[in-house]
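Chain residues, written in single-letter form:
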Amino acid sequence: MKAEFRWLGEGALLVRLGEGIDPEVNARVRRLAAALDAAGIPGLVETVPTYRSVLVIFDPLITAPGALREAVEEVLERPDVGHSPGYREIVLPVAYGGEFGPDLELVCSHTGLAPDEVVAKHAGRVYLVYMLGFLPGFAYAGDLSPELEVPRLPQPRVRVPRGSVAIAGRQTGIYSLDSPGGWMLIGRTPVPTYRPRAAEPFLLRPGDRLRFLPISPEQYRKIEAQVRTGQYRLQVKEVSPE
Amino acid sequence: MSGRLRVLRPGPHDTVQDLGRHGYRAYGMPSSGAADWASLVAGNLLVGNPPTAAALESTLVGPVLRVEGGEVFLAVTGAPCTPRVDGSPVPCWTVLCLRPGQTLKLGRCHLGCRMYVCVAGGIETPEVMESRSTYVPGEIGGLDGRKLAEGDCLPVGMNSQGARVGRTLRPEFRPQMKEPWTLRAVRGPDDDAFLPESVSQFFSGTYRVSPASDRMGCRLEGPVLRHAGDAEIVSEGVIPGTVQVPGSGLPILLLSDCQTTGGYPRIATVIRADMWAAGQLRPGDAVRFCEVSVEQAVQAERRMLGRLARGLGLGLSVIRTADWGFRVWVEPQG
């Protein structure tokens, strides 16, 4: 699909690169955002990559909207925007079911699977972090096995505890903060994904690959304590471009 | 010695705000910042601060504050109210000097929603991700990421620019508050997701601000808008000013603390020059939307900044801060 441009007011340009949720489209989105961030366009404030588009936020008194659009078109034509970057593979420990995943039974009744089958299917894939949004540090990752596809809760919860690992549609996400939420909760990770006062406040970024490692409630408590004392070492693997 | 402000009695929602936190929306971090950026910028420039300094933002009713430790120069801006120093009324939009022991009571605003106490030297709570703006859901900014409580103490920075007592911004140069409000907006980006008559209804109807409104957004009540197809789209970026319409057909106007992405079709986006007014909408207010082009929107912001600059006797470059991301500061002229 040829890029489609739409305005969000005079200070933000939406650049849409495809339809729906598709890893290929999303890869182009992330490459375009990175190329725009590095392009040195005067007045560019920030870029927001999502599933299929990049929102380019800029100061229209520094670069006029028409000139900004031309600058984006110029970057879109560069060959390096097609270049595939490396990525990180992150393994997150998750305690499934029980107090950690109060909707696991509900997921079973929707899917007809046994609890350990749900866990095996959720933990048995590598997911792409398509985008962050909803909350600071909340990652939308996918795609889930079609067998795990469930709707949102009919009535959203008023408070979902931080760390909750949830599913809805073909997506899985991690609540980075206590917040209201409508996804089904199947587990919880003791690893914080949002630490606002740390040098790196956000654990995950668009393009990361994510894998979930089932752990016991005892291991959850142990890792939780290790995180508190700064002794926990997360499994992160840098994967170079092919 | 630098003064401080002690909160003797808080208002319902007092927070520290500057021009916001920029560069983290890709990580889901909202910008936050003053809901009425124009009143913050004008107040800061009045007291001799850079436009980006942090101030106190109050909603509908302000706090009672006591000055401690040293003199504090300040100006009350934003929604019109009747502030009192030790019980005597003092003017808004005018630089005051309060001595240690004196109290400032903001009271209730007569019109609009948000008042600002801009202090010379700025409020110097710690920066998180390069901003002092409070974002309560994210637990950051201001004092431990929360609204102010009784007994809190706000540190004030050095008054290095030398605030001039009595300096004022004349009424004709202030942001013009008038209810019913008219907000100019650019159509889209998802105007094609609505029936054409719904788009014209949005730009001709009158909406009321619902009580279920906060710094994240104003829920609006009025003509129900009809989607041409699905009321949900694949999540994409949104910004303060975006008007999104969920399945109910009632629009939500997003404000400073809004999420970075959303899955509802966006019928229009309020222009930057009018976003200060969006931050002044109070529950029950009537609001209309007037369609403008992208080019008209840019001209409107330039005119507005020019007017503020003339009122303050400053060059336009000084207040090119509505960029929400740049820190431009030039010495005042004369």
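Residues numbered from 1 in each chain as written. Chains lettered and ligands numbered in written order. Predicted model: local features only at pLDDT ≥ 70, side-chain atom pairs only at ≥ 80, totals over all residues.

Visitor: With reference to specific residues and values, describe the overall build of chain B.
Guide: What chain B contains, in helices and strands, is 4 helices and 20 strands. Over its C-alpha atoms chain B spans a radius of gyration of 20 Å, differing by no more than 12% from the 20 Å that the globule rule assigns to 334 residues. Counting only C-alpha atoms and orienting by the principal axes, one finds that chain B spans roughly 65 × 40 × 35 Å. For chain B, with 334 residues in total, the buried portion stands at 55%. (Helix = DSSP H or I, 4+ residues; strand = E, 2+ residues; numbered from the N terminus. Rg over C-alpha atoms; globule rule 2.2 N^0.38 Å. Buried ≥ 20, exposed ≤ 12 C-beta atoms within 10 Å, placed from the backbone.)

Visitor: Kindly report on the domain arrangement of chain A, identifying the contributing residues and their values.
Guide: All names here are of chain A. Annotation of chain A at the domain level lists domain 1 (4-82) and domain 2 (87-239). Counting from both sides, the interface comprises 7 residues of domain 1 and, opposite them, 7 residues of domain 2. Considering each element in turn, the side of domain 1 that touches domain 2 owes the most residues, 3 residues, to helix α1 (residues 23-38). Each residue belonging to the side of domain 1 that touches domain 2 can be placed in one class, and the counts come to 4 nonpolar, 2 polar and 1 charged. (Domains from an automatic or database assignment. Contact = placed C-beta atoms within 7 Å. Nonpolar A, V, L, I, M, F, W, Y, C, P; charged D, E, K, R; others polar.)

Visitor: Tell me about the pairing of strand β7 (residues 139-142) of chain A, residues and numbers included.
Guide: Residue and element names in this part refer to chain A. Burial along β7 is two-sided: Ala139 and Ala141 facing one way and Tyr140 and Gly142 facing the other are all buried. Sheet analysis places strand β6 (residues 127-132) next to β7, joined by 4 bridges and oriented antiparallel. Each bridged residue has a counterpart across the sheet, and for Leu128 the counterpart in β7 is Gly142. Taking the residues between adjacent antiparallel strands as the criterion, β6 and β7 are bridged by 6 residues, where Phe134 takes a positive phi near 75°. Sheet topology note: the β7/strand β10 (residues 171-174) ladder contains 4 bridges and is antiparallel. If you follow Tyr140 over to β10, its bridge partner there is Gly173. (Pairing = 2+ DSSP bridges.)

Visitor: Quick rundown of the interface of chain B and chain A? Include the residues and the values.
Guide: For interface size, the figure often reported is the accessible area lost on association. In this complex, chain B contributes 41 residues to the contact, which on the side of chain A involves 44 residues. For the side of chain B that touches chain A, the class distribution of residues is 18 nonpolar, 14 polar and 9 charged.

Visitor: Give me the lowdown on the sheet that holds strand β1 (residues 4-7) of chain A, citing residues and values where you can.
Guide: Residue and element names in this part refer to chain A. The strand order β1-β2-β4-β3 describes an open sheet built from 4 strands, whose pairing is antiparallel. Both outer strands of the open sheet, β1 and β3 (44-49), are each paired with one neighbouring strand and no more. Across the sheet, the axes of successive neighbouring strands diverge by a mean angle of 20°, strand direction being ignored. Packing of α1 onto the sheet brings it into contact with β2 (12-16), β3 and β4 (53-58), and relative to β3 it is tilted by some 170°. The sheet strands contacting helix α2 (residues 65-76) are β1, β2 and β4, and the helix crosses β2 at an angle near 30°. (Axes fitted to C-alpha atoms, helices over the stretch in contact; angles between N-to-C directions.)

Visitor: A description of the nonpolar core should follow, citing residues and the corresponding values.
Guide: Ranked by size, the top nonpolar core spans 161 residues in total, and within it Val56 of chain A together with Val47, Ala55, Leu74, Cys118 and Val119 of chain B carry the most contacts. Here this core gets 8 residues from one element, more than from any other, and that element is helix α4 (residues 294-312) of chain B. Excluding residues within four positions of it along the chain, Val119 of chain B makes contact with Val47, Ala55, Val72, Phe73, Leu74 and Val156 of chain B. (Core = buried A, V, L, I, M, F, W, Y, C linked by C-beta atoms within 7 Å.)

Visitor: Outline the domain arrangement of chain B, listing residues and values.
Guide: Residue and element names in this part refer to chain B. We note that the domain assignment places domain 1 (4-176 + 313-319) and domain 2 (181-292) within chain B. Each of domain 1 and domain 2 has a C-alpha centre, and the two are 28 Å apart. With 19 residues of domain 1 at the interface, the matching set in domain 2 holds 14 residues. Looking at the side of domain 1 that touches domain 2, the element that brings in the most residues is helix α1 (residues 37-46), giving 3 residues. Looking at the side of domain 1 that touches domain 2, its residues break down into 9 nonpolar, 7 polar and 3 charged.

Visitor: Mind laying out the sheet that holds strand β1 (residues 4-9) of chain B, listing which residues take part and the relevant values?
Guide: Think of a sheet as strands paired side by side through backbone hydrogen bonds, with each pair either parallel or antiparallel. All names here are of chain B. The sheet built from 6 strands is open, its strands ordered β7-β6-β9-β4-β1-β11 with antiparallel pairing. Edge positions in the sheet fall to β7 (88-89) and β11 (153-155), since each has one partner strand and no second. With 3 bridges joining them, strand β4 (residues 64-68) and strand β9 (residues 103-105) adopt antiparallel strand pairing. Across the sheet, residue Arg66 finds its bridge partner in β9, namely Thr103.

Visitor: Residue-level account of unusual backbone geometry, with values.
Guide: Each neighbour pair has its own omega, and for Glu179 of chain B with Pro180 of chain B the value is 0°, a cis peptide bond. Within the element layout of this structure, Pro180 of chain B appears in the loop between β11 and β12 (181-187). With an omega of 15°, the peptide bond running from Gly188 of chain B to Pro189 of chain B counts as cis. Within the fold, Pro189 of chain B resides in the loop between β12 and α2 (196-204). A positive phi angle, near 75°, is found at Phe134 of chain A, a position not held by glycine. The topology assignment puts Phe134 of chain A in the loop between β6 and β7. Since 23 C-beta atoms lie within 10 Å of it, Phe134 of chain A is described here as buried.

Visitor: Please give an account of the confidence of the model for chain B that cites residues and values.
Guide: All names here are of chain B. Considering every residue of chain B, the mean pLDDT works out to 92; 93% of them sit at 70 or more. Counting contacts from residues 321-334, a segment whose pLDDT is below 50, to residues more than four positions away or on other chains yields 37 contacts. Model confidence for the complex is summarised by a pTM of 0.95, with the ipTM given as 0.95. (pLDDT = per-residue confidence, 0-100.)

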